[in-house]
Structure formats: C-alpha cells, structure tokens
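# A structural walkthrough
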Amino acid sequence: MSKDHNEEISSSSFNLHPTFFNFVEVALPLPLRQTFTYRLPVGLQESVKLGARLLVPFGKRQLTGYAVALHVRLNPELGIEEATIKDALELLDAEPLLTAEILKLTQWSADYYAASWGEVLKASLPAGINATVEQVYAITTRGRDELLKITSAATAKVQILRFLGEHGETSGRELTKKFGAAQSQRALRDIIKAGWTSVFQRTLTTQVKPKRRKAVRLLPPATDAPQQKPFTETHNKIVETLLNGNGEMSFADLIEQAETGASSINTLAKRGVLEVFVQEVRRDPLAKIDLPALLNLTLTGEQTTALAEINRALDAGKYRAFLVHGVTGSGKTEIYIRAMRTTLDKGKSALMLVPEIALTPVFSRRLRAVFGDEVAILHSNLSTGERFDEWRRIRSGAARIVIGTRSAIFAPLRNLGLLIVDEEHDSSYRQHESPFYHGRDVAIVRANFAGAVVVLGSATPALESFHNAHNGKYQYLRLPNRVGNRPLAAAELVDMRQSFKTAGKDEIFSPQLIEGIEETHERGEQSIILLNRRGFSQFVLCRSCGETIRCHNCDITLTFHKREGKLVCHYCNHREKTPHKCPSCAGKFLYFMGEGTEQIEDILKRKFSALRIARIDRDTTGRRKLFEETLMSFSRGEIDMLVGTQMLAKGHDFPNVTLVGVISVDAGLALPDFRSAERTFQLLTQVAGRAGRGVLPGRVLIQTFYPEHYALKHAQTQNYDAFYAEEIRFRQRLNYPPFVALASILIKHPNYDYAFDNARILRECLQTANAEKNCIILGPAPAPLARLKNEHRLQMLVKARNRAKLRETLDFAVHEAQEKFCDLKIVNVEIDPVNLL
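Quick caveat, the model's predicted, so the values are computed rather than measured.

### Comments concerning the overall build of the chain
For the chain, the count of helices and strands is 25 helices and 36 strands. Computed over its C-alpha atoms, the radius of gyration of the chain comes to 31 Å, within 12% of the 28 Å expected for a compact globule of 837 residues. In terms of overall dimensions, the chain has C-alpha extents of about 85 × 80 × 65 Å along its principal axes. Residue burial in the chain is summarised as follows: out of 837 residues, 53% are buried.

Following this line, the structure appears as structure tokens:
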C-alpha cells in the first residue's frame, strides 16, 4: 500500500525505542511521489533499520527499496487494510547505507523538487551498489516430456525449450542475447502458458564490491619455536625481499621481485615465518599523480577580511551562508583551503562542490597536497570501483574532505562543518533529468540542517544569489582585486560585420585575432581559443533542395564529426555515416555549414603549423587520464594553444596564458531562454579570467555580429554590477526569477495527439486550481526543442509571487489531473528550472 511522502512520517519512524517493528515504509526508485507499506516477516522485525535496503515485491517484479519509516502498528487514519499489505522479502544491509542526515536531506529534495524520494535516494548512493533482480526460466517435467515427442527443431519455441533442457536455469538476459528480444519473448510466453517452463526471479549481488588480493607479511620470530631446517637460498631471498618492502607486500609482487614460485612462499608460511592473508586494496583515483608543491602564500587584505568572517562563523558553530564575489584570480581557492583547515582543526568535515569534472583534477591535486589521504573525490568519471571505495572511506570517517560534482552533495560525511560551492552560478549544478535537483540549493539546505557554514563563490554570481545577498539572506564578501594587484585582462569586442565588409565574405578568424595569436606566440606565451560548439560542422545543407540532414529521433540537425566520419545528434547520440548525396533529392552538392571546435583546431594547425595545439571538449574527455594529461601538459608549457568549449572557461589557472580568443557568442544570445544574456555574460567574464593570471598582462578578443548588446558591453569591461542593474530590470518587468517562483512542466510522448490531450487536461486542472489568480500560467505550447529522443515535447510555465501558492496550485492540479486519468508518467514537473529549452 502506498503513502504520499509529503505526508508527515509517523513518530515511530525515528523512534527506535521499540525492540521490533511490524511494518516498514519503503521508498522505491520509481517515478512515483509516494512510499509503500510492507509487512516485516518475523525474521526481519528486529533487524531492519532506517536507511537499510530491502528487496520487496512490486506488482510482478521485485525491487530494491529503502526503509524510510518503521511502525509497530498501522496508522488507522491512512485507511490501509492490513490484508492488502505484502511481505518484504529480504534485508540487504545489516547496517544501513543511508544515514539519518541523508534520509532527511533526500526527503527535503524530493518534496521541494516534486521528485521521487526513492529516485533521489538511489542517486545519493554510488553506482553499482544496488542489488538487481532478473527473470530466470527453467524447464518443467511437462516440458521435458514434450521434448521427447518433438522431432523437429524448426520453431523458436522448440529451440528455446531444448536450450533450457540442456542448460538448466537460464536468465532472460541470456535467452534474449541468444535468440533475440522479440522472438524469445513470444516463444517464452507460449511455453509458459503451456506449462513447459517455469519462471521465477533471482536476486543478483551488487555489481561493485571491495577489491581484495592475496598478500604476504613477515611474522615476528616465536621465542619457543622448535629447531627449524635451515633456509634455502630461495627462502632467504623471499625474506630479504619482504624486509626491503617493510615486511609486507602483495603475493604477486613478491613472486615477481623474489623471482620465486608460490610453493616456496607457502612453505615459509607453514613454518610460521610469514603469513599469507587477504587484504583489501583501495582503488585510489589520485594514485600515481604528481602533486603540486606547497606554497607559503601571504593573503591580501581582502582575503584576510573574508577568511576572518568565515572563521568567525565556523567558531560560532551555527548555520551561516556567505556569497564570496571575487573577480577571476582574486584568490578564492586559498580562502577555501584555509577555511577547510580551520574546519578540520575543529574536528569537523568539509565538502567542496565544483561544477565540472574538468575542474576536479586541478582542485583535488591541490587538496591532496595539503590534506593528504583525508581527501576523497566523487564524480561520474571515476570507475565504479573507485567511486565505491571513495564512498566507503567517506562513510567510515577515513576521509573528512570531499571534492566532487553535484551528486557529491549526498556524500555521507560525519559532523559536517563547512560546504563550499565553487562557481556557484554554473548551470551544471542542476540535474536535468529525474530526479531533478540543484546542487547549490541542496548544499544550502544541508548546511542549514547540519548547523554548518556554506560558502558560495563566483566571479559572476547567479542573479538569484546576488539578489539574496542584497536582501541579507547571505552575507556578502567582495574581492574586487586580483592577487598582487594584477590588472584584469583587457577585453575588446571585434565587430565581425566590419570584417565581412573588408574581406567580402564570412571569416572565422578576424585579422585582430590572427595578429594576436602570432604576437602571443612570438613572445613564448600561451593562448586559449573558445567556441562553445563541438564537432566539425554544425549542419549539412543540400544546395539543390535546401534540406538539412536531421536526426530521426529529434527535431535537430545532425552535427558532422570529421574524425569519426559520421553525423551525430548531440541530444540522443544517434550516429549515421556521412552521405555522399542528399537523402531527400539525391543531389550531389552538400554544404557543410558552421564551424565547431574540431574544425577550429584543424584550421589553426594548418595556419600555425609550428604551434603545439590541443583540443578539449566532450569529444576528447571520454578518457579521463588523457583529459587530465592534456591539462597538465598545457600547465607545464608543453602545449602552446588550447581550443575548446566552455569547459576551458571555469576555474583553471594557467599563468602563461596571455591571450583568449572567443570565436562566436551570438548563438547563445539568440536562445529562447530568459537566462541567455546572463549565461553569455558569465561565460565571457569567466573565459576572460583565464588570461593575465601571471605576471604578464592579458588580452581578450571577443568576435561578434552584435557588439551593441548590453551583455557583451558589460562583459568587455567585466562590470558585474552594471550588468546586474540592467538585467534585473528585465526580470522584474517580465515576471521572471528572482521576483517569482517558476515551474516548468514538460509533457513528453512519441504520439503528439496523446501528449496534447494530456497537456490539455493538466492545463484545465491548473486553471481550476488557480481560481484566486495567484499564478500566471503559460501554454501548453511546443517546447523550443519540440522533439527529442523520439518524443514530442509540450511545455507549460507556471509563475507565482508566492512559492507556497505555486506549490499549492501545482499539487492540487496534479492530483485533479490524476483523477481525470491524465497520464502523469509522461508529465515532468521541474521546480526552479535553469534551462527552458
């Protein structure tokens, strides 16, 4: 039986005084905003604890769920009939994986973002840790009798039955792999119906476990040991090798270094000289890396003032939120590190969020150099084993500092004292698929729950954060100058309309940028070229019929990737070979239009053949080690120029970079999103901050066809206050955040009419719920990206001055829509969206 997780959990949920419980509330990782009640069998009544995982029946399936409440008896007000309640099947954790703090935080996240609590709980755990269940098929006695009668093996039913007779119990996955999905499903349905095959479910072990290996260590000599045979030369070499390895090493390493076999080692073990044992091996993502030298830096007066305020809040031991608004190169990272040191000295732990995986190598190396093995790292580019081991170190308290991307906000740190959100403005902190949440905002709530200090840092704060600081919600700390009083890089807007007039054609590089690259590298300095668009060509156009080649699944043109020789959809990852003629008219004249980072790299390598040029974008960062090596090589001066997307704009510190060239920013300004100007300003200001961070002055060249735009003009002067003053007026006039609470509703389905019918029902229910006109309701209308991943997308926006009224209207409308048989499985409600595309 189900229960809405917005309801107050009963008092027995967190009251562990009873010695046993009869019922458990389970949150399941399904897109359902409710929990489910199960009966605890006698064997589990004293064992289940909050936060433990359970295997439970759900329809015809078995699912892994999470115990979020325990009850001695059912609450009669819920109207649940005990006869309808199913039994929980199996307890998967003797000790719960989820702490009480994470349970509370995930419940808040699910309620605030209108998400599934079970999905948020699953997202809070490392990948591969959840047990899975598979369908298993076995031949019955009737099936074996039937096999004796069969003389032909022509049909799929007969082939599968014979396979089961020969191989015994077989998973559905294996049968699908051998006979194909459609054929095996039809055949299995028929032979199960005939009684020739039985089907049951089997729990699989977790995909990830601690890594273990055989190891050897010397034992202290026993004082009362009987006289031993003298050691052979091989035995002596084994002992000597172990002594050189501090008395302990892996079994495989000992065999290799002592040039011996396993039998000699086992002989010494039997004689009590050494011990062979199994040890756990940590998969350390920061193993074998070069750590930076520790620098004895002197803080500026502005850094000292900001750090003193943060330390004062840490001393108080209460919740406090800071916005550190510091220009690029103002030394925010040093403030973070010293605040972490203060936190650890107080016996507490610290968590630092960064927006991109690209930033974790830089920060994690520095933190490891300062804090050693107390640092753990969490992000999706780690192997499953590495992530699991880091999570266990955090859970056990062995690691007290965590650095990671948005999902690291759920790291099970003990006694949390400090949270840092670097580049807090970045949209990467937003999870754009279910379960929806914003890492920055969840960090603020977690700090509040823990009585901790939260520090938001940025050179270009989100308008909402800056607005909150002005209203006193956050304490505002300003760092207006770079360390060493180095000047900000001089930025210039290059009007590409003038370049077109001069050259008589479109040009990718302006004369100013070409000249700037030449001068920069003549001086032995480095440069960064930014184009926020990957691939070689943006789209392919037929000159004969004017058609573009589009994705079969999305309302999007395909991007040409020259290295692969394929056209790729950047939304669904559909790939197809590059055609030699137009698919529509068979015309032979195909134009490859628009440039991406791959093409920019090719052109620059031809034009500047003496330069060492590398590219960083999502196409080149699939291999984590290669990506990190490229950044480190650039930092060491082994690469002269980096070409890349916005991944290069954030947080990197390359002292020898004196030129940044921005190829084009106009496409970002043209996006149908109220944040487009803000994002463009932030991107330009951030990438400009990569230049002139050393002793040499920096220069930034921004190519545009729209130099009059206010976002570009203020980015040129890097004047955040002026941009904020202009942008905030537009937001207020048009009723957008931070002056209203905003919700985006997407209705997605392969059939447009079905999606529209459900959108219409939901719109009518919203109108009914909005009887007092507390909200502004827009739509339904096709979303800016009207079809993605073979689903039509209809969008509605709901705005309200009062957040409580917004949620009240949404919750009432969704409930009413469900009563009118609206298919809520195709409805996605996103609270505080950061992207309206």
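### Points about helix 1 (residues 100–112)
Helix length check: helix 1 (13 residues) gives 18 Å between terminal C-alpha atoms against 18 Å at 1.5 Å per residue, within 8%. Looking at helix 1, one finds that the buried residues are Ile102, Leu103, Leu105, Thr106, Gln107, Ser109, Ala110, Asp111 and Tyr112. Among the structural elements, strand 5 (61–71), helix 2 (117–124), helix 14 (439–450), helix 25 (803–819) and strand 36 (827–831) are those in contact with the buried residues of helix 1. Downstream of helix 1 by one or two residues, Ala114 has phi in the positive range, about 55°.

### A short note on the side chain of Gln279
Mapped onto the elements, Gln279 comes out in strand 12 (residues 274–281). Classification of Gln279 as buried rests on a relative accessible area of 14%. In terms of polar contacts, Gln279 uses its side chain to reach the side chain of Arg213, at 2.9 Å. If we ignore the near neighbours within four places in the chain, the residues touching Gln279 are Lys211, Arg212, Arg213, Ala215 and Glu248.

### Some details on the sheet that holds strand 23 (residues 526–530)
Read from one edge to the other, the open sheet built from six strands follows the order 22-32-31-23-30-29, with strand pairing classed as parallel. Of all strands in the sheet, those with a lone pairing partner are strand 22 (490–495) and strand 29 (613–616), marking the two edges. The average undirected angle you get between the axes of adjacent strands in this sheet is 15°. Packed on one face of the sheet, helix 18 (residues 597–607) meets strand 23, strand 29 and strand 30 (641–644) and runs near 175° to strand 29.

### A look at the pattern of salt bridges
One pass over the structure, following the stated rule, counts 53 salt bridges. The shortest N-O distance in the salt bridge between Asp87 and Arg39 comes to 2.9 Å. Of the two residues, Asp87 sits in the loop between strand 5 and strand 6 (90–91) while Arg39 sits in strand 3 (residues 34–39), which places them 48 residues apart along the sequence. Of the residues examined, Arg39 reaches a relative accessible area of 24% and is grouped as partly exposed. Of the charged contacts, one joins Asp640 and Arg612 as a salt bridge, the two residues approaching to 3.0 Å between their closest N and O atoms.

### A short note on the sheet that holds strand 12
If you walk across this open sheet you meet the three strands as 11-10-12, and the pairing is antiparallel. Only two strands of the sheet have a single partner each, and these edge strands are strand 11 (248–250) and strand 12. Neighbouring strand axes in the sheet, compared pairwise and without regard to direction, differ in orientation by 35° on average. Pairing between strand 10 (residues 211–218) and strand 12: eight bridges, direction antiparallel. Residue pairing in the sheet places Lys211 in a bridge with Val281 of strand 12.

### Re the environment of Pro220
Locating Pro220 in the fold gives a position in the loop between strand 10 and helix 7 (233–244). Sequence separation between Pro220 and Ser633 is 413 residues, and the spatial gap between their C-alpha atoms is 47 Å.

### Concerning the environment of Val120
Looking at where Val120 falls in the secondary structure, it is placed in helix 2. On a C-alpha basis, the gap between Val120 and Gly644 in space is 33 Å, while along the polypeptide they are 524 residues apart. Not counting residues within four places of it along the chain, the set of residues in contact with Val120 comprises Thr106, Ser109, Ala110, Ala115, Phe410 and Pro435.

### Focus: the packing of helix 5 (residues 172–179) against helix 6 (residues 181–193)
With their axes 7 Å apart at the nearest point, helix 5 and helix 6 run at an angle of 120° to one another. Put simply, helix 5 runs oblique to helix 6. As helix 5 packs across helix 6, the resulting crossing turns out to be right-handed. Only Ala181, Gln183, Ser184 and Leu188 of helix 6 make contact with helix 5, whose side of the interface consists of Leu175, Thr176 and Phe179. Broken down by class, the residue content of the contact of helix 5 with helix 6 amounts to four nonpolar, three polar and no charged.

### Observations regarding a negative patch on the surface
Taken together, the side chains of Glu515, Glu518, Glu519 and Glu522 present a region of like negative charge at the surface. Following the sequence through the fold, Glu519 ends up in helix 17 (residues 511–522).

### Observations regarding unusual backbone geometry
Note the cis peptide between Pro737 and Pro738, where omega equals 15°. Along the chain, the position of Pro738 falls in the loop between helix 23 (720–733) and strand 33 (741–749). With phi around 50°, Gln718 is a residue other than glycine that occupies positive phi space. Its place among the elements puts Gln718 in the loop between helix 22 (710–717) and helix 23. The class of Gln718 is buried, set by a relative accessible area of 16%.

### A short note on the pairing of strand 31 (residues 657–662)
Extensive coverage of strand 31 is indicated by the burial of six of its six residues. Bridge analysis of strand 23 against strand 31 gives five bridges, and the strand direction is parallel. Within strand 31, the position partnered with Ile528 by the bridge is Val660. As judged from the four bridges shared by strand 31 and strand 32 (residues 699–704), these two strands associate in the parallel manner. Each residue of the ladder has a partner; that of Gly661, found in strand 32, is Leu701.

### Here we look at the confidence of the model for the chain
Looking at the chain as a whole, the pLDDT averages 89, with 95% of positions reaching at least 70. The model gives residues 6–16 a pLDDT under 50, and that stretch makes 23 contacts with residues more than four places away or in other chains.

### Concerning the packing of aromatic side chains
Under the definition given, this model contains 19 aromatic pairs. Consider the rings of Phe634 and Phe654, whose centres lie 4.8 Å apart with planes at 80°: the pair is edge-to-face. On the criterion of sequence distance, the pair formed by Phe634 in helix 19 (residues 624–635) and Phe654 in the loop between strand 30 and strand 31 is long-range, its members being 20 residues apart. There is no split in this pair, since Phe634 and Phe654 are both buried. Judged by centre distance (6.4 Å) and plane angle (20°), the rings of Tyr720 and Tyr724 are stacked. A residue pair is termed a helical-turn pair when its members lie 3 or 4 positions apart in one helix, as Tyr720 and Tyr724 do in helix 23 at four residues. Neither Tyr720 nor Tyr724 differs from the other in exposure class; each is buried. Each residue in the set Phe466, Tyr476, Phe681, Tyr710, Tyr720, Phe723, Tyr724 and Phe730 is aromatic and connected to the rest through ring pairs, giving one cluster. The ring of Phe251 has Lys214 sitting right over it, with the charged end atom 4.0 Å from the ring centre.

### Quick notes on helix 7
The terminal C-alpha atoms of helix 7 lie 16 Å apart, and with twelve residues this matches the ideal 16 Å at 1.5 Å per residue to within 8%. Of the surrounding elements, those touching the buried residues of helix 7 are strand 10, strand 11, helix 8 (251–258), helix 9 (262–270) and strand 12.

Cut-offs used in this document
Residues numbered from 1 in each chain as written. Predicted model: local features only at pLDDT ≥ 70, side-chain atom pairs only at ≥ 80, totals over all residues. Heavy atoms only, no water. Helix = DSSP H or I, 4+ residues; strand = E, 2+ residues; numbered from the N terminus. Rg over C-alpha atoms; globule rule 2.2 N^0.38 Å. Buried < 20%, exposed > 50% of the residue type's maximum accessible area, 1.4 Å probe, protein only. Expected span 1.5 Å × (residues − 1). Contact = heavy atoms within 4.5 Å. Polar contact = N/O pair within 3.5 Å; in protein donor to acceptor, adjacent residues only side chain to side chain. Pairing = 2+ DSSP bridges. Axes fitted to C-alpha atoms, helices over the stretch in contact; angles between N-to-C directions. Salt bridge = Lys/Arg side-chain N within 4 Å of Asp/Glu carboxyl O. Parallel < 35°, antiparallel > 145°, perpendicular 65-115°, else oblique. Left-handed = near helix turned anticlockwise from the far one by under 90°. Nonpolar A, V, L, I, M, F, W, Y, C, P; charged D, E, K, R; others polar. Patch = residues over 30% accessible without salt bridge, like charges linked within 9 Å, V, L, I, M, F, W, Y side chains within 5 Å. Areas by Shrake-Rupley, 256 points an atom, 1.4 Å probe, with all protein chains shown as cover. Lys, Arg positive; Asp, Glu negative; His and termini not counted. Charge placed at Lys NZ, Arg CZ, Asp CG, Glu CD. pLDDT = per-residue confidence, 0-100. Phe/Tyr/Trp six-rings, centres within 6.5 Å; stacked < 30°, edge-to-face > 60°. Lys NZ or Arg CZ within 6 Å of the ring centre and 35° of its normal.

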